[in-house]
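In case you want the letters, here they are:
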Amino acid sequence: MVRLRLEGKQLLKSELSFPYDEQHVQIVPSVVKTKRGYMCVRCNNDDPQLFASFPCSRCGRICTYCRKCIMMGRCSECNPLVIWTGPTSSTSFSSPLQWSGQLSPAQQLASDEVCHAIDRNDSLLVWAVCGAGKTEVLFAGMNMALSQGKRVCIATPRTDVVLELAPRLANVFPTVDMATLYGGSADRGKLASLTVTTTHQLLRYYHAFDVMIVDEVDAFPYSVDPMLSYAVERARKPTSALIYLTATPNEQWQREVRRGQRKAVTIPARYHRHPLPVPTFKWCGNWQKKWRHKQLPSCVIRWVNDHIERRKQAFLFVPHIDFLQQVVPYLQTIHPDIDGVHAEDVKRKEKVASFRRGRIPLLVTTTILERGVTVPNIDVAVLGAEQPIFTESALVQIAGRVGRSAQHPTGDVRLFHFGKTKAMVAAKRHIERMNDEARKRGLINEMSHLS
């Protein structure tokens, strides 16, 4: 029971309601004093503004705690971490993968590289365009690791990706015990052979995983919060494989790949062998000034009307929630079924489901839908593409919503702007570079190139 609860973990003493043998655990302070103030051992926070003190009923003193990771339980001076150091268990499976699909040549190359990285306990970046089928690329490597009794973890910054991935993996690895972890999940505290988790939940783990796969490594909040990369490092074993997955690595990583300083494999084409749709730029004037008079640029209105007339579904991305809430009623005068969705929308899931079923002709959205939503036959536009929220990564992901299915591999990506930005130009160049690489490697059908 104790080993089951503690193995591979770092838990706060206050979380443990049962006795444990101290010869199999290491007890370390969770908050330590440093020259510049304090440091949290669990999340590596040392920002003085993210610590606070309070009269503690547990120790009877003024006690300092970390505010950075408090959502995972309070690390304080008198509440140490209990880390398992005893024997570890493992379960091996005989050919656990049950999948009859076929990989494209580009996917197969990436799959082989993933297998090599896992075999050598190496690190690897899988740089795969949106819609390339990067999850399938992991299957062979995971199968090999699980057959060898290794523990595999797939971590992603966002809960909705966990909820999407977990059933897919359970379907192809039906005999493997699996934990699905996110805030409030029933599997909290479980250590399984295969774990699908948000990166935040890794703060509870210590030297637990032989294979650590970080999906959507460019996504918020992982891309901006060093605590989460620290959590990844502590959760994986000192000798382990580390696989990163992304369609949009940051500039530094792209440079490192080009210079050969970071091991990487690219999948520059989708499985259907058509090129990625390239964004077109359309100047729309000072749209914010126009909106102050409750008007939208005429080119945007034409784009909306054209899609309504052709019955071609589309996303219209806008920079801010407040603008979205104002513009949706205006667009509903063009068609009453047009709707909007954003991160704080309580009907978010229902609206996306309704859009998938074809009941919403045009969905106005913030960057909340820049990734993770696949609809077979849509176009996208961005109004205010020059706004800072639309980074290179965001624009590449937005463009990646289009042309994902073999039945509808093309589409329109329109960036309405009041001045080109470096991010817009970089996003277009990023997509063109991937298409060029795909052509050089023979991964795009020439007929689709000519079309």
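Refer to the structure presented above.
Residues numbered from 1 in each chain as written. Predicted model: local features only at pLDDT ≥ 70, side-chain atom pairs only at ≥ 80, totals over all residues. Heavy atoms only, no water.

Enquirer: Can you lay out the sheet that holds strand 1 (residues 10-12) for me, pointing to particular residues and giving the numbers?
Expert: Taken together, 3 strands build an open sheet; the order of strands is 1-7-2 and the sheet is antiparallel. Only two strands of the sheet have a single partner each, and these edge strands are strand 1 and strand 2 (25-28). Ignoring strand direction, the axes of neighbouring strands in this sheet form an average angle of 25°. Sheet analysis places strand 2 next to strand 7 (residues 81-84), joined by 4 bridges and oriented antiparallel. Across the sheet, residue Val28 finds its bridge partner in strand 7, namely Leu81. (Pairing = 2+ DSSP bridges. Helix = DSSP H or I, 4+ residues; strand = E, 2+ residues; numbered from the N terminus. Axes fitted to C-alpha atoms, helices over the stretch in contact; angles between N-to-C directions.)

Enquirer: Go over the packing of helix 11 (residues 392-399) against helix 12 (residues 422-440), please, and point to the residues and values.
Expert: Close contact between helix 11 and helix 12 brings their axes to 8 Å; oriented N to C, the two are set at 50°. When the axes of helix 11 and helix 12 are compared, the pair comes out oblique. In the packing of helix 11 onto helix 12, the handedness of the crossing is right-handed. On helix 12, the residues that touch Glu392, Leu395, Val396 and Ala399 of helix 11 are Ala423, Met424, Ala426, Ala427, His430 and Ile431. Grouping the amino acids of the contact of helix 11 with helix 12 by side-chain chemistry returns 8 nonpolar, 1 polar and 1 charged. (Parallel < 35°, antiparallel > 145°, perpendicular 65-115°, else oblique. Left-handed = near helix turned anticlockwise from the far one by under 90°. Contact = heavy atoms within 4.5 Å. Nonpolar A, V, L, I, M, F, W, Y, C, P; charged D, E, K, R; others polar.)

Enquirer: Describe unusual backbone geometry, with residues and values.
Expert: Residues other than glycine seldom take positive phi values, yet Glu216 does so here, at roughly 55°. Tracing the chain through its elements places Glu216 in the loop between strand 12 (209-214) and helix 5 (226-235).

Enquirer: Any chance you could break down the sheet that holds strand 13 (residues 236-246) for me, citing the residues and the numbers?
Expert: Spatial ordering of the open sheet is given by 10-11-9-12-13-8-14, a layout of 7 strands whose pairing is parallel. The strands lining the two open edges of the sheet, one partner per strand, are strand 10 (178-181) and strand 14 (264-267). For this sheet the average axis-to-axis angle between neighbouring strands, irrespective of direction, equals 15°. Against the sheet, helix 4 (residues 159-172) touches strand 9 (152-156), strand 10 and strand 11 (194-198), its axis set at about 165° to strand 11.

Enquirer: Outline the pattern of salt bridges, supporting the account with residue identities and numerical values.
Expert: Inspection of every chain in the model, using the stated rule, returns 27 salt bridges. The salt bridge involving Asp412 is made with Arg414; its shortest N-O contact spans 3.0 Å. Given a relative accessible area of 18%, Asp412 falls into the buried group. Among the charged side chains, a salt-bridge network with shared partners connects Arg158, Asp160, Glu216, Asp218, Arg348, Glu370 and Arg371. (Salt bridge = Lys/Arg side-chain N within 4 Å of Asp/Glu carboxyl O. Buried < 20%, exposed > 50% of the residue type's maximum accessible area, 1.4 Å probe, protein only.)

Enquirer: Help me get a handle on the packing of helix 2 (residues 105-120) against helix 3 (residues 134-147), residues and values and all.
Expert: Packed helices, taken two at a time, are described by their axes: the angle between them and the distance between them. Between helix 2 and helix 3, the least distance of the axes is 8 Å, while the angle of their chain directions is 30°. With respect to their mutual orientation, helix 2 and helix 3 come out roughly parallel. Handedness of the crossing formed by helix 2 with helix 3: right-handed. Residues Gln107, Ala110, Ser111, Val114, Cys115, Ile118 and Asp119 of helix 2 touch helix 3, and the partners they reach there are Glu136, Val137, Ala140, Gly141, Met142, Met144 and Ala145.

Enquirer: Hey, could you go over the pairing of strand 8 (residues 123-128) for me, with residue numbers and the actual values?
Expert: Along strand 8, 5 of the 6 residues are buried, which leaves the element largely enclosed by surrounding structure. As paired strands, strand 8 and strand 13 are joined by 5 bridges and run parallel to one another. Note on strand 13: the bridge partner recorded for Trp127 is Thr246. Bridge count between strand 8 and strand 14: 4 bridges; the pairing is parallel. In the sheet register, Ala128 faces strand 14, and the bridge partner there is Ile267.

Everything listed here is a matter of coordinates, which is why it stays silent on function.
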